Amino acid sequence: MPGREIRLRAGEQLDAVLRNDLPEPTTLHWHGVALRNDADGVPGVTQAAVAPGASHRYRFTAPHPGTYWFHPHVGTQQDRGLYGALVVEDPHEPLAYDEEWTVVLDDWLDGVTGTPDEVLRELRRGMDMSHPGRYMLMGATSLLLGGDAGDVRYPLFLLNGRTADAPDALRAKPGTRVRLRIVNAGGDTAFRVALGGHRLRVTHADGFPVEPVDTDALLLGMGERYDVLVTLADGVFPLVALAEGKGGAALGIVRTGAGRAPSASTRPAELERKVLGYRQLAATPAVRLARRRPDRTVTLRLAGSMSTYEWTIDGRRYDPAYRIPVEGGERVRLRFVNETSMWHPMHLHGHSFALGGAGGPRKDTAIVLPNETVVAEFDADNPGLWMIHCHNVYHAESGMMTVLGYRA
Ligand code: C2O
Ligand code: CU
């Protein structure tokens, strides 16, 4: 792990066979891709789950270049390392760089302290101050996340499948211009990412180009991706992904020259400098959503609590038969109203919305802070049944998912 990266060019068709060697049903979801609905991989909505021993063929065209990823859409499977990066190359790539490195981040406990299913069971028993559980994390806070940082205690954080005491080495010559494709594949952890001794030029958010902006650090909620360009200095540099508010970190070593590798606990100063905020991001003209009066506003109230561990959207736990009504061709304005004291990385399938409204960065996943309202607009131009859900695996499995559907 991560699984083998899949690469194709925009406009090409991916033809992939999932063979289920797991002892339980599964599917694959191609996160962020505006694909044909029947390849979206949501059990009971776009396909039947693939039984143990059975296979399923996914065929779809990837219309937009960018950094995506794939993972199962069943239970807590995604928190067991079942994921990989999906890179859709641009046949007319406008950026100039010498190399590209994919950096996949994850939080890990499976087989170390327990299993994701045990975590879910414990969380669902609800919060009991007198019996602090084995997995439930209490008191982890983050200013960037507006309070409570997460629900789950992970013993390890991984960068490309490796722990901080046996880190991945990324090698190049000094002066190399590298494109980093950074993916947060975690279950319950936001990562704050920085490369010691360097600034990062952000070029893409969730696969789509943004007006380039320089930053010291990035914050990625689960499901989010950023592409950055960096010109490497001479030496050895830590690429650190701090588990935001939780304390640990994932690490990679960027090596362009001689020098001792930094220790597992190294924390470059860049982590404490400027962290990119959504307000600094704007779509490039080529992918900017045209200004248009929304035909419909869909308000999604996010509710729930740690004490009951039931998470709802508009007072409803996930019901695969329920549909948020939308009509094909409409400009839809989504309003995520967070009434909880937790942050939620909200994800829309099959579309890239304009965060904040037309002109905003095109994204498919956005962090909604506690007691905050986030607005996003999209055009209903890809008919089918599409999930909207929190990309915290444990919130999603405890109800925070819904379905939006429309015909052409
Ligand atoms: Cu990566 Cu339904 O999500
Ligand atoms: Cu959530």
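Residues numbered from 1 in each chain as written. Chains lettered and ligands numbered in written order. Predicted model: local features only at pLDDT ≥ 70, side-chain atom pairs only at ≥ 80, totals over all residues. Heavy atoms only, no water.

Per an unreviewed UniProt entry, the protein is named Putative oxidase (Copper-binding protein), and its organism is Actinocatenispora rupis.

Asker: What is the right way to read the sheet that holds strand β14 (residues 200-205) from this model?
Answerer: Picture the strands of a sheet paired through backbone hydrogen bonds; they go either parallel or antiparallel. An order of β10-β7-β12-β17-β14-β15 is seen for the six strands of this open sheet, with the pairing classed as mixed. Every interior strand has two partners, whereas the edge strands, β10 (156-159) and β15 (208-215), have only one. Here the average twist between neighbouring strands, direction ignored, is 25°. Examined bridge by bridge, β14 and strand β17 (residues 225-231) share four bridges and lie antiparallel to one another. If you follow R201 over to β17, its bridge partner there is L229. (Pairing = 2+ DSSP bridges. Helix = DSSP H or I, 4+ residues; strand = E, 2+ residues; numbered from the N terminus. Axes fitted to C-alpha atoms, helices over the stretch in contact; angles between N-to-C directions.)

Asker: It is not clear to me how the packing of aromatic side chains should be interpreted in this structure. Could you clarify?
Answerer: Aromatic ring pairs: the centre-centre distance and the angle between the two ring planes describe each pair. Counting across every chain of the model gives seven aromatic pairs. With a centroid separation of 5.7 Å and an interplanar angle of 70°, the aromatic rings of W30 and Y58 are classed as edge-to-face. With a gap of 28 residues between them, W30 in strand β3 (residues 29-31) and Y58 in strand β4 (residues 55-61) connect regions that are remote in the sequence. Per residue, the accessibility class of W30 equals that of Y58, and both read buried. Between W30 and F70, the ring centres sit 5.4 Å apart and the planes meet at 40°, which makes this aromatic pair tilted. Taken together, the positions of W30 in strand β3 and F70 in strand β5 (residues 66-71) put the pair 40 residues apart, joining distant regions of the chain. Classification of F70 by relative accessible area gives buried; the value is 10%. An aromatic cluster is defined as three or more aromatic residues linked by ring pairs; in this entry it consists of W30, Y58, F60 and F70. The ring of Y322 carries the charged tip of R316 above its face, separated from the ring centre by 3.7 Å. (Phe/Tyr/Trp six-rings, centres within 6.5 Å; stacked < 30°, edge-to-face > 60°. Buried < 20%, exposed > 50% of the residue type's maximum accessible area, 1.4 Å probe, protein only. Lys NZ or Arg CZ within 6 Å of the ring centre and 35° of its normal.)

Asker: I tried to follow the pattern of salt bridges on my own but got confused; where do I start?
Answerer: Side chains that differ in charge, positive against negative, can pair when their charged atoms come close. The full count for this structure, using the stated rule, is 33 salt bridges. R9 is the partner of E89 in a salt bridge, and the nearest nitrogen-oxygen pair spans 3.9 Å. Here the residue E89 occupies a position in strand β6 (residues 84-89), and R9 occupies one in strand β1 (residues 3-9), the gap between them amounting to 80 residues. For R80, the salt bridge is made with D110, and the minimal N-O distance between the two is 3.0 Å. With R80 in the loop between β5 and β6 and D110 in the loop between β7 (99-108) and α1 (116-124), the pair connects residues that are 30 residues apart, well separated along the chain. Note on D110: relative accessible area 17%, which makes it buried. Residues participating in the shared-partner salt-bridge network are E5, R7, R9, E89, E93, E100, R179, R181 and D227. (Salt bridge = Lys/Arg side-chain N within 4 Å of Asp/Glu carboxyl O.)

Asker: Would you explain the coordination of the copper ion (ligand 2) in this entry?
Answerer: When four donors bind a metal tetrahedrally, each ideal donor-metal-donor angle is 109.5 degrees, and when six bind octahedrally, the ideal angles are 90 or 180 degrees. Around the copper ion (ligand 2), the protein contributes the donor atoms H344 (ND1), C390 (SG) and H395 (ND1), at 2.0 to 2.1 Å from the metal centre. The class of C390 is buried, set by a relative accessible area of 0%. Classification of H395 as buried rests on a relative accessible area of 0%. (Donors = N, O, S within 2.8 Å, 3.2 Å for Na, K, Ca; no water.)

Asker: What is the right way to read the sheet that holds β3 from this model?
Answerer: What the four strands build is an open sheet, ordered β1-β6-β5-β3; its pairing is mixed. Of all the strands in the sheet, the pair left with one neighbour each is β1 and β3. Recorded for the sheet is a direction-independent mean angle of 25° between the axes of neighbouring strands. When β1 meets β6, the two strands line up parallel, connected through five bridges.

Asker: So what exactly am I meant to see when it comes to the layout of surface pockets here?
Answerer: Gaps left between atoms are located by rolling a probe of water-molecule size over the structure's atoms. Approximately 560 Å³ is the volume attributed to the largest pocket. The dominant element in the lining of the largest pocket, judged by the number of residues it contributes, is strand β28 (residues 373-379), at three residues. Here the residues of the lining of the largest pocket are counted per class, giving 15 nonpolar, five polar and two charged. Roughly 460 Å³ of internal volume is contained in the second largest pocket. Taken together, the elements giving at least two residues each to the lining of the second largest pocket come down to β1 and β2 (13-19). The residue inventory of the lining of the second largest pocket, partitioned by class, reads 13 nonpolar, six polar and five charged. (1 Å grid on protein atoms, 1.4 Å probe; cavity = no way out; pocket = protein on both sides within 12 Å on 5 of 7 lines; lining within 4 Å. Points joined across faces, edges and corners; volume = space filled by probe spheres on them. Nonpolar A, V, L, I, M, F, W, Y, C, P; charged D, E, K, R; others polar.)

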